[in-house]
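# Structural overview for review
So the chains spell out like this:
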Amino acid sequence: MSLGVNEPASAGSGPEPERPTVIGGSTRFVPGQSNDRITIVNGKVQLGQRLVDLWHNRDLLVLLTRTELKVKYKESALGYAWSMLNPALVLAIYYMIFKVISKTPQPHFAIWLFCGLVAWNLFNNSASASTTVVVGKAGIIKKVAFPRELLAMSTVGVAIVLFAIQMVVLVIFLALFQQAPDWAALWLLPLAFIALLVFTCAVSIFLSAVNVYLRDTQHLTEVAMMAWFWLTPIVYPFGLVAPHLKQYHLTWLYLANPIAPIAMTFQRVIYGQTSYVAAGATTPTQLLPAYGPGWYAMMMGIVILVSTGLFLLSLMVFGRLEGNFAEEL
Amino acid sequence: MTTAIEVREISKQFKLYTEKRTSLKERVIRGGKMPYTPFWALQDINVDINQGETFGILGRNGCGKSTLLKCIAGILKPTSGEIRVRGSLAAMLELGAGFQPDLSGRDNIFLNGSLLGLSRTEIAKRYDEIVAFAELEDFIDNQVKFYSSGMYVRLGFAVAVNVEPDVLLVDEVLAVGDASFQRKCLDHVKKFQREGRTILVVSHSTDVMRQNCSRVMVMNHGKVITIDEPGEGIRVFLADLLGVGTLEGSESGGIEGNVLAIGSVSAEHGGSGQRMHLYPGESLTITADLDSLAAVPNAMATIAIHDDGNELVFASDPDDPMCAIEVPEGGGMVRFHFPEVPLLDGTYSVSVGVRSATDTAIFDWKDQVTKFEVANPGRSTGRVRLPLDVSFRLRSASHTGEVPAVGSDPSPLALPGWEQSTA
């Protein structure tokens, strides 16, 4: 058979050389079959195409996540145990401060703390890691074409794995303290998890792209996360701030922080109580809004809706900024 | 013939910041705008690359060829214009880009394959083939950071070619590994060509272009200079872009203290037409003006030719009686005539000198005073076109008749040291 190079640009008139479909025992390349797909490269942000590409490359997301985890804990003797150390320490410190020093009368305060922290950690881990992920992977970005959002989403993937480990520990805690979650409201948990995921993805993708151009973002994020943590009812119950918020008509503004209703839903389901009666007190202390699961479901619905919008928006921002990644890095 | 890659009016602007300031403070101070100089790396590039074609992009460093390749690969986004790629595409811009040093070879195959767009099941299917191709069976579970650089690029190449794309983009990475692996790589490229896949190569090696490409695009300053067959494209590249004026003359100095001085030197080829380069085998005449204050009866003219790598190609015998000249007062012209120049592609510089025949005194020596260029329309490569005659005869005694070979040129796809039997 004649080689391709011997027939330069015969302008369509010459007979096409017959191309065998079986070459060297492998049946792979069939001209005209795999050519249906046409990739278009231009300066525009094609949101639909981006979503399709993300879906096609879901295997890559899993691999990137696995790589991150493997590299992170590869040479350490304790391995994944390290991922628990930080949350455990945070939990221990707040427990000491609130239970031992300020002597909060709230029963099973450790579980209460853990419920909010688990949700917060997923968000915090991912958002913090996402700022540096694109900058840190400059080598790949400059040389390989793939949906780069996946790098940011892989930080979410890593956070999910750590979340899963913490959830297991939380379940062990529940068993140790012989506490049961609110089984009737358990269906809220997947809803809250999805809301948390979508919102975290949106924030992570946005931050990862912006940090390429504004390297201050990573430092700013660290500080912002600290403030964000205290704006979210994790250590203190929502019930504590609710009267004050109501007084200044700030309740909805407070709940506009999507992590707040998400954390509250986690607490509502896992902690299982919306109020408790302190020893010697006659009126119950309110922890969470006393509404039924419907209210929480509605909140999660709103968060998912808004977060999906933010997710698409962050994809568009990422698409805009991505065009020059290879030269900016 | 179907077009595999359509490039339509692609332009790419880079922003060259005078100093890289990306902190928020600076942005705020400057109201969000940063001073920059626009630099057009690509300007209105239009090209159609046919399916099954091996297309080369040739150009100097910084001419935009790699930028174009990155735009086609989707790594960079063009500022304006559109590129359409038919079928799957894999880019080999750097072998082993995206390898994680801390992971094993096995994990990296999956990661890299996935980055190139394969699904897990597809990689799993090709896994054994990739490992065998990279010749890393014994080390596949070792961390990549312990690999030698050769092993590293071998693995990178093995993954990239086993992706089996419809369109393969290659950026000067063909020369990896040891000789036997190189041969394997080129065999693979040839197999790609046979299978009708499209290959786009970026290189400044004219040899690679000449032997592998069906067409060549020459670029300069982000613009297309020409799209042509390799021979002509390479000639344009060498002549127009490397700034080597062919057959140029030179004006130079008068007499400074010496009795005899060389004036202008010019080169002229014996071929027909107005072209500015020689074809291999044509004649070449170098003429040098001599000025002399007094008669020099015992002078010897010498000439030397260097190639573009400054290696000496030829120097005349300093004691050859043929080179003896007798220069009268006032001077004259000395003519060096080569009836046949068997040199192949390249730019050659000519040095001319006049020395005394009786002692070691050198009257004048003009080092690399003029240049000439040889452009080879054929596909043979190297420095010299040696006269070649190829014939074939059967081994058995009963058949003694000679069968002439089909062509006297070596196989068009063969690089030196590569197997030529497939042609």
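Residues numbered from 1 in each chain as written. Chains lettered and ligands numbered in written order. Predicted model: local features only at pLDDT ≥ 70, side-chain atom pairs only at ≥ 80, totals over all residues.

### Some words on the packing of helix α7 (residues 188–213) of chain A against helix α12 (residues 293–322) of chain A
Geometry of a packed helix pair, given as the angle between the helix axes and the separation of the axes. All names here are of chain A. Here is the rule we go by: Note on definitions: angles span 0 to 180 degrees between N-to-C directions of axes, and those axes are lines fitted to C-alpha atoms, for helices only across the stretch in contact. Strands are runs of DSSP state E lasting at least two residues, helices are runs of H or I lasting at least four, and both sets are numbered from the N terminus onward. Orientation is classified from the angle alone, with under 35 degrees giving roughly parallel, over 145 giving roughly antiparallel, 65 to 115 giving roughly perpendicular, and any other angle giving oblique. Whether a crossing is left-handed or right-handed is set by the direction in which the near helix is turned from the far one by less than a right angle, anticlockwise for left-handed and clockwise for right-handed. Residue classes follow a fixed rule: Ala, Val, Leu, Ile, Met, Phe, Trp, Tyr, Cys and Pro count as nonpolar, while Asp, Glu, Lys and Arg count as charged, and any other residue, Gly among them, counts as polar.
Running from N to C, α7 and α12 cross one another at 25°; their axes reach a closest spacing of 8 Å. When the interaxial angle is binned, α7 and α12 end up roughly parallel. For the element pair α7 and α12, the recorded crossing hand is left-handed. For the contact of α7 with α12, a count of residues per class yields 26 nonpolar, 3 polar and 1 charged.

### Some details on the domain arrangement of chain B
Residues and elements named next belong to chain B. Note the threshold: Boundary definitions for the domains trace back to an automatic or database domain assignment. Contact criterion: two residues are in contact if their C-beta atoms, reconstructed from the backbone, are within 7 Å.
The domain boundaries assigned to chain B delineate domain 1 (3–241) and domain 2 (260–374). For domain 1 versus domain 2, the separation of C-alpha centres amounts to 45 Å. In this complex, domain 1 contributes 4 residues to the contact, which on the side of domain 2 involves 5 residues. The residue makeup of the side of domain 1 that touches domain 2, split by class, is 2 nonpolar, 1 polar and 1 charged.

### Here's the deal with the sheet that holds strand β10 (residues 260–269) of chain B
All names here are of chain B. How we decide: Only strands joined by at least two bridges in the DSSP assignment are considered to pair.
Judged by pairing direction, the sheet is antiparallel, and its 3 strands sit side by side in the order β10-β11-β15 without closing on themselves. Looking at the sheet topology across the chains shown, the edges are occupied by β10 and β15 (332–338). When strand polarity is set aside, the average angle formed by the axes of neighbouring strands in this sheet is 20°.

### Focus: the environment of L115 of chain B
Along the chain, L115 of chain B falls in helix α3 (residues 105–115). Here the alpha-carbon distance between L115 of chain B and A90 of chain B, two residues 25 residues apart in the chain, equals 9.8 Å. The residues contacting L115 of chain B, other than those within four sequence positions of it, are L60, I140, V144 and F146 of chain A together with G98 of chain B.

### Digging into the pairing of strand β12 (residues 296–306) of chain B
All names here are of chain B. Bridge count for β12 against strand β14 (residues 324–327) is 3 bridges, and the pairing is antiparallel. Considered in β14, the bridge of M300 is made with A324. Where β12 lies against strand β16 (residues 346–356), 8 bridges are found, and the strand directions are antiparallel. By the bridge assignment for β16, A304 is matched with S351. Bridge analysis of β12 against strand β13 (residues 312–315) gives 3 bridges, and the strand direction is antiparallel. Bridge pairing links I305 to F314 in β13. The hairpin formed by β12 and β13 contains 5 residues between the paired strands, and N310 there has a positive phi angle of roughly 65°.

### What to know about α7 of chain A
To keep things clear, this is the line we draw: Multiplying 1.5 Å by the helix residue count minus one yields the expected span of that helix. Residues with at least 20 neighbouring C-beta atoms inside 10 Å of their own are called buried, those with 12 or fewer are called exposed, and the rest are partly exposed, where every C-beta is derived from the backbone.
The first and last C-alpha atoms of α7 of chain A sit 39 Å apart over 26 residues, in line with the 38 Å expected at 1.5 Å per residue. Most of α7 of chain A is tucked away, with 21 of its 26 residues classed as buried.

### Observations concerning the nonpolar core
Defined as follows: To count as a nonpolar core, a set of buried Ala, Val, Leu, Ile, Met, Phe, Trp, Tyr and Cys residues must be joined through C-beta atoms within 7 Å.
Formed by 182 residues in total, the largest nonpolar core has its most connected members in A195 of chain A together with I72, L169 and L200 of chain B. When residues of this core are assigned to their parent elements, the largest contribution, 17 residues, is made by α7 of chain A. Shared between two domains, this core holds at least three residues of each, these being domain 1 (3–241) and domain 2 (260–374) of chain B. Not counting chain neighbours up to four residues away, the residues in contact with I72 of chain B comprise V41 of chain A together with I5, I83, V85, L169 and L200 of chain B.

### Quick look at the packing of helix α2 (residues 58–73) of chain A against α3 of chain B
At their nearest, the axes of α2 of chain A and α3 of chain B sit 9 Å apart, and the two run at 140° to each other. Comparing their axes, α3 of chain B and α2 of chain A come out oblique. The hand of the α2 of chain A/α3 of chain B crossing is left-handed. Seen from α2 of chain A, the contacting residues are D59, L60, L63 and T67 of chain A; seen from α3 of chain B, they are F110, L111, S114 and L115 of chain B. Tallied by class, the residues present in the contact of α2 of chain A with α3 of chain B amount to 5 nonpolar, 2 polar and 1 charged.

### Topic: the pairing of strand β8 (residues 215–220) of chain B
Residues and elements named next belong to chain B. Burial analysis of β8 places 5 of its 6 residues in the buried class, the great majority of the element. The pairing of strand β3 (residues 54–59) with β8 spans 5 bridges and is classified as parallel. Counterpart to G56 in the pairing with β8 is V216. Bridging between β8 and strand β9 (residues 223–228) involves 5 bridges; their strand directions are antiparallel. Looking across to β9, one finds that N220 is bridged to K223. Between β8 and β9, which follow one another and run antiparallel, lie 2 residues, and H221 among them has a positive phi close to 45°.

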